[in-house]
Amino acid sequence: MRPTLPGVGTAVVALVFAAVPAVAAPSPDALISEVYGGGGNSGATLTQDFVELANKGTAPVALDGFSVQYISASPGASTQWGVTPLTGSIAPGKTFLVAQAKGSGGTVELPAPDATGTLAMSGTGGTIALVSGTTPLTCKTAADCAAEPRVKDLVGYGSATVRETTATGALSNTTSAARKAGLPDTDDNSADFTVGSPTPTNSKGETPGGGNPDPDPDPVPGDKRIHDIQGVTRISPLLGQKVTNVPGVVTGTRATGDRGFWIQDTKGADADPRTSEGVFVYTAGTAPTVAVGDEVLVSGTIAEYRPGGETGSNQTLTEITQATTVTLSKGNAVPAPVVVKNVPAGYLPAPGGSIEQLPLEPEKYGLDYFESLEGTLVQVNDARVVGPSNNFGEVWVTVNPDQNRNQRGGTTYTGYDQQNSGRLKIKTAGALPASNVGDVFAGATVGAIEYTNFGGYTLAALTLGTHTSSNLQREVTAQQKESELSVATYNVENLDPSDPQEKFDRLADGVTTNLRSPDVVVLEEIQDNNGATNDGVVAADQTLQKFSDAIVAKGGPRYQWRQIDPENLKDGGEPGGNIRVGFFFNPQRVSFVDRPGGDFKTPVQVVKKNGRAALSVSPGRIDPLNDAWANSRKPLAGEFKFRGRTVFVVANHFNSKGGDEAVHGRNQPPSRSSEVQRGKQAAALKAFTEQLRAVDKGANVVLAGDLNDYQFSPALKTLTGDGNLKALIETLPVNERYSYVFEGNSQTLDHLVMSKNITRFSYDVVHINAEFADQASDHDPQIVRARPSTGDANVDRIVFALEDVIDCLKK
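Residues numbered from 1 in each chain as written. Predicted model: local features only at pLDDT ≥ 70, side-chain atom pairs only at ≥ 80, totals over all residues. Heavy atoms only, no water.

Description of the overall build of the protein chain
Broken down by element type, the protein chain carries 10 helices and 43 strands. Whereas a compact globule of 811 residues would reach a radius of gyration of roughly 28 Å, the protein chain reaches 36 Å, over 25% beyond that. Overall, the protein chain is about 120 × 55 × 45 Å in size when its C-alpha atoms are taken along their principal axes. Split into buried and exposed, the 811 residues of the protein chain put 56% on the buried side. (Helix = DSSP H or I, 4+ residues; strand = E, 2+ residues; numbered from the N terminus. Rg over C-alpha atoms; globule rule 2.2 N^0.38 Å. Buried < 20%, exposed > 50% of the residue type's maximum accessible area, 1.4 Å probe, protein only.)

Structure (C-alpha cells):
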C-alpha cells in the first residue's frame, strides 16, 4: 500500500480543493455519449435537439424507470429540471437516441429516435443527467448533485454550473459534445468529451439521412506516445494532463503491492536516447486484468509518484494513473529487453539543488541512464550481489562488476564522489533465495526499471537468474598473543532480554569464536531490561547478564561489565529502549579501575595521579550536558590496567544519519544535515583526548564504537586531523575499509581510533554479519590487538623485546 497519493500537478490539485464538482461514480455500462441543443436554430443543419446514450458494458441495460433530465447552465431559485422518461433497453456496444425539442430551422431530420421528449435545450450551455427514476432532480449546484445517488451519469456543457469536474467546451447551433473513442468516463466532462459536428445514432445504428456507420469502430491510438509522456527530464512534460489511447504492449504485471502493469511502445519509438519508451500504469487497489503480450491503448492522468512522500528527497516515478485500458489484441511478442552493463561511472549531476528539471545525460551519469530506461524492460546478466537479500524480497547487485570491488565480492564506498553508479536494487514479488555478498544470479535477470523507496532505481524482476552461491565464509580473527591487549567494538543492534535466545547465542558465538574472546569488548545498542517497553525502566543488568551467560555457554570467559544507566528517554534510539554503550572485560586478563561518582549527568574529568593521567570517575560520561549529545548516546570513558600499564578506553555511539537526504535523491549533492551534530560530538570527544595528552603525552587512548560516519567524513577528520589520533580503518587497503553494507555500498560506520603512541598493533574488521542475509547484527565487529605504551618510547623498546621473547617461548 502506498503511503502517499500520486502527484498530478499543482493546477489539478488546486482545482480539486477549490471546488466540488458533481461526480457520478464512473458507469460500467450506460452513460451519456452525446448532447446537442442547437437543433432547429438559425444556421443549424439538424431540426431537433437530442441526447444520445451508449452502453459500454457486455450485457443489455434496461432503461425502464430511468429518465433523461435537463437544467439550464445557470439555474435560478425557480428553475426546475425537465424530465423525459425512458423505456426499452440499450444493447451492449450500441446507442440509444432520445429526441428533444424541435425548432423551425434546419433541413435534416434525426434518424428514428428510440425515445422522444420535449426538452428545449440551450444550444451553448446546460446540463444533461441520466437519472434512475422520473422524479425531477432538485439539486442546482455541483456539490448537491455530486451527493445525489440517483444520478448515473451527468454532462455539463459550455458554461454549466453543474458538471463533472470541468464542463465541456461551449457548443453552438452546429456543434455537439460527444464522448471520446472508447467511451472514457473519468468524471471530467472536458476530458471525456470533444466538441464537433453532431453524429446522432439510434439503436439500429442509423444516422441522419439513413446512413448506417460501422457499429463497432476500432479504437485508434491517440496523439501521445510513451516517449512524449516520459520526456527528456525526470518530470513528465505532461504532468497532471489527461492522455487518451496511449499505445503499447504489456511487458509485465504486478498484482500485489503497487499494483499495475508496464507497457512499452513497439511501433512509434523516437530516436532520442533520453526518452524512455516504457511506462508504468498504476491500477491502485485493483490487480491488473491485462496479460503480458497484450497490445493495449491506455487512457488516464499522468502523475509523478514520489516514494516516501512529497516532502522527502526521493526522486519520482512517472506513471499513468486513473487508467482505463482497451485491449486490441493478445499474444503479441514482447520487445527484447535492453541489456544493462557497465553504466557510466558518473553518478548524478550536482548543480547544488534539484536535478529534476535538468535534461538527462545518460551517456555521462549512471543514474541518468537508469532514468532514461524508466518503465523499460531490461536485462542484467550474471548479476553479482553487493548487498544481501532482506525480508522484503530485495537484493542489491552491481551492473559494473569491476567498480570498487573488494576481495569478498562487494562494492566499497570510498568517498562522497564515489557512490558506485552500478548498484541496482532487484525486487521480486516472488520467492527470493537468501543471497550473500558475492553470490551471482547466473544468466539473465529481466524486469522493468522503476524508482522505489529505500534505494532508488530498482529492477522489478519478472524473471531471476539462477542463484549461485559464492560460499562466502564468516571470518575468524587471528589469536592474540599473551602480551597483547585486545579491544573490540560490536554494535549488537538493540539487544534486550526479550530477544530470542538464538540472537544472544549468535552474538556470543561471534565474541568467542570469531573475535576469540577479546580482553575488552565495547558494546553499542544495549537496551534496558524490557527493551522498547516505555515504562521508565532504564537498568540494563538483565540484558548484560543474559549476554554474559551466553558467552560463557559458548566457552568464553565470564565477562564483567561497566556502564551507566542513561536518563530515561534522553539518549535516542528506539523509544523506550534507552540504548547505551558499555564495556565487557575479562578480569583474568585486564582490570578495571573503579572510581565512584559517575552517573548520567556527571562529567568525567582528567586528573593527575603520580604524574600520569587518570579519570576523576570511572566509568564516567564525557561532557554529558553538552548539547552535542542531545537525544544521543553519551560517550563512556573507562580506565583499565593491563600489565601495569593504564589504558583509557572510550565507548561511543554517535547520532545516526536520520534526516540526511538520499544519495540517489532529487537534490544533488544531497544534504547531510546530521553531520552537524556528529561534528560537535567529535569536537567534544577530541577535546577530552587532548585533556589526557595535556596531562600525559604518553597516555594510551582507544576510542571505539559506532561513530555513524565514514573515514572520509568531517567528524573523523576532526578526531584525526592533527595526527595525535589515528583511525585504524585507514590502515587497510582502500577497498577493504568497511564494516557495514547499506544499499549495496560496503562502508564503515564503526571505528577503532588510537593514540599515536601505540605503535605495535594489528587490526581487523571481522566480517560475520553485514554481508550475509542471515545476521546476528547489521554491523561487523572490529578488533585491535595492541601493545600499550609504557609512556616512554625507549622503555617500550626494551619491554616489547622481552615480551616478544616470552611470547615466542610460549608457542
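A closer look at the state of the cysteines
This model, assessed by the stated rule, comprises one disulfide. In this model, Cys139 is linked to Cys145 through a disulfide, with the two sulfur atoms separated by 2.1 Å. Its S-S torsion of about 95 degrees marks the bond between Cys139 and Cys145 as right-handed, since a negative value means left-handed. (Disulfide = S-S within 2.5 Å.)

Section: the sheet that holds strand E13 (residues 242-254)
Around the barrel, five strands lie side by side as E13-E14-E15-E17-E16; this closed barrel has mixed pairing. For this sheet, the mean inter-axis angle between neighbouring strands, taken without regard to orientation, is 55 degrees. Summarising the sheet, strand E16 (residues 295-305) and strand E17 (residues 317-329) pair through 10 bridges and their orientation is antiparallel. Bridge assignment links Ala303 to a residue of E17, and that residue is Glu319. (Pairing = 2+ DSSP bridges. Axes fitted to C-alpha atoms, helices over the stretch in contact; angles between N-to-C directions.)

Notes on the packing of helix H6 (residues 501-514) against helix H7 (residues 541-553)
In the contact formed by H6 and H7, the axes pass within 8 Å of each other and the chain directions differ by 60 degrees. Between H6 and H7, the angle falls in the class oblique. H7 is crossed by H6, and the crossing has right-handed handedness. Contacts from Gln501, Phe504, Asp505, Leu507, Ala508, Val511 and Thr512 of H6 reach H7 at Thr543, Lys546, Phe547, Ala550 and Ile551. Classifying every residue of the contact of H6 with H7 by side-chain character gives seven nonpolar, three polar and two charged. (Parallel < 35°, antiparallel > 145°, perpendicular 65-115°, else oblique. Left-handed = near helix turned anticlockwise from the far one by under 90°. Contact = heavy atoms within 4.5 Å. Nonpolar A, V, L, I, M, F, W, Y, C, P; charged D, E, K, R; others polar.)

Focus: the pattern of salt bridges
This model, assessed by the stated rule, comprises 44 salt bridges. Close ionic contact of Arg179 with Asp192 constitutes a salt bridge, the shortest N to O distance being 3.8 Å. Highlighted residues: Arg179 in strand E11 (residues 176-179) and Asp192 in helix H3 (residues 189-192), separated in sequence by 13 residues. Look at Asp192 and you get buried, because its relative accessible area is 2%. The salt bridge partner of Asp807 is Arg787, with a shortest N-O separation of 3.4 Å. One end of the pair, Asp807, is in helix H10 (residues 793-809); the other, Arg787, is in the loop between strand E43 (782-786) and H10, and 20 residues separate them in sequence. Here the two residues Asp807 and Arg787 agree in accessibility, since each one is buried. Ionic contacts of the salt-bridge type, sharing partners, join the residues Arg643, Arg645, Arg760, Arg787, Glu803, Asp804 and Asp807 into one network. (Salt bridge = Lys/Arg side-chain N within 4 Å of Asp/Glu carboxyl O.)

Some words on the nonpolar core
It is characteristic of soluble globular proteins that their nonpolar side chains tend to be buried jointly. Among the nonpolar cores identified, the biggest contains 54 residues, and Phe583, Phe640, Val649, Phe688, Val702 and Leu703 are the most heavily contacted of them. In this structure, Leu703 is in contact with Val650, Asn652, Leu685, Thr689, Leu719, Leu725, His751, Leu752 and Val753, ignoring residues within four places of it in sequence. (Core = buried A, V, L, I, M, F, W, Y, C linked by side-chain atoms within 4.5 Å.)

Considerations on the side chain of Asn745
Looking at where Asn745 falls in the secondary structure, it is placed in strand E40 (residues 745-747). Residue classification places Asn745 among the buried positions, given a relative accessible area of 5%. Within polar-contact distance, the side chain of Asn745 engages the side chain of Asn420 at 2.8 Å. Those residues in contact with Asn745, other than ones at most four positions away along the chain, are Thr411, Tyr413, Gln419, Asn420, Arg423 and Tyr740. (Polar contact = N/O pair within 3.5 Å; in protein donor to acceptor, adjacent residues only side chain to side chain.)

Describing the sheet that holds strand E8 (residues 115-116)
Strands sit in the order E8-E7-E2-E1-E11-E12 across an open sheet of six strands; the sheet is mixed. Taken across any chain shown, the strands that pair with only one partner, and hence form the sheet edges, are E8 and strand E12 (193-196). The sheet contact formed by E11 and E12 spans four bridges and is antiparallel. Within the sheet, the bridge partner assigned to Arg179 lies in E12 and is Phe193.

Overview of the confidence of the model for the protein chain
A residue-level look at the protein chain finds 96% of positions with pLDDT of 70 or above and a mean pLDDT of 94. Contacts of residues 3-22 to residues separated by more than four positions or lying in other chains number 43 contacts, the stretch itself having pLDDT below 50. (pLDDT = per-residue confidence, 0-100.)

Side note on the packing of aromatic side chains
For the coordinates displayed, the defined rule picks out 20 aromatic pairs. Arranged with centres 6.5 Å apart and planes meeting at 70 degrees, the rings of Phe504 and Phe547 form a pair that is edge-to-face. Of this pair, Phe504 sits in helix H6 while Phe547 sits in helix H7; the two residues are 43 residues apart in sequence, bridging distant segments of the chain. On the basis of an interplanar angle of 45 degrees and a centroid distance of 6.4 Å, the ring pair of Trp561 and Phe584 is categorised as tilted. Of this pair, Trp561 sits in strand E28 (residues 560-562) while Phe584 sits in strand E29 (residues 580-585), placing them 23 residues apart in sequence. Overall, the relative accessible area of 22% leaves Trp561 in the partly exposed class. Judged by relative accessible area, Phe584 falls into the buried class, the value being 1%. Note that Arg474 overlies the ring of Phe772, its terminal NZ or CZ placed 4.1 Å from the centroid. (Phe/Tyr/Trp six-rings, centres within 6.5 Å; stacked < 30°, edge-to-face > 60°. Lys NZ or Arg CZ within 6 Å of the ring centre and 35° of its normal.)

Here's the deal with the side chain of Thr376
Tracing the chain through its elements places Thr376 in the loop between helix H5 (366-371) and strand E20 (377-387). In this structure, Thr376 is in contact with Gln264, Ser276, Glu277, Gly278, Val338, Gly447, Ala448 and Ile449, ignoring residues within four places of it in sequence.

So, H6
Its 14 residues give H6 an end-to-end C-alpha distance of 19 Å, which sits within 8% of 20 Å, the value for a rise of 1.5 Å per residue. Every buried residue of H6 is listed here: Lys503, Phe504, Leu507, Ala508, Gly510, Val511, Thr512 and Asn514. Summarising the contacts, the buried residues of H6 are in contact with strand E26 (485-495), strand E27 (520-526) and H7. Looking one or two residues past H6, Arg516 carries a phi angle of roughly 60 degrees, positive in sign. (Expected span 1.5 Å × (residues − 1).)

Side note on the environment of Leu367
Along the polypeptide, Leu367 turns up in helix H5. You can call Leu367 buried: its relative accessible area is 4%. Separated by 18 residues in the primary sequence, Leu367 and Pro349 have C-alpha atoms spaced 9.3 Å apart. Sequence-distant contacts of Leu367, that is, excluding residues within four places in its chain, are made with Arg234, Tyr347, Leu348, Ser421, Tyr457 and His664.

What to know about unusual backbone geometry
Keep in mind that most residues, glycine aside, have a negative phi and that most peptide bonds are trans. Omega for the peptide link from Ser618 to Pro619 comes to 0 degrees, which places this bond in the cis form. Looking at the secondary structure, you find Pro619 in the loop between strand E32 (612-615) and strand E33 (620-621). In the segment running from Gln668 into Pro669, the intervening peptide bond is cis, with an omega of -5 degrees. For Pro669, the position within the fold is in the loop between strand E36 (667-668) and helix H8 (675-695). Located in the positive-phi region is Asn471, a residue other than glycine, with phi close to 60 degrees. In this fold, Asn471 is placed in the loop between strand E25 (466-468) and E26. Assessed through its relative accessible area of 56%, Asn471 is described here as exposed. Unlike most non-glycine residues, Glu493 shows phi in positive territory, near 55 degrees. With respect to the element layout, Glu493 can be found in strand E26.

What to know about the environment of Leu424
Its location among the elements puts Leu424 in strand E22 (residues 423-428). The exposure class of Leu424 is buried, given its relative accessible area of 1%. Note: C-alpha distance between Leu424 and Phe712 (288 residues apart in sequence) is 24 Å. Discounting chain neighbours no more than four positions away, the residues touching Leu424 are Phe370, Val380, Val395, Trp396, Val397, Val399, Ile449, Tyr457, Thr458 and Leu459.

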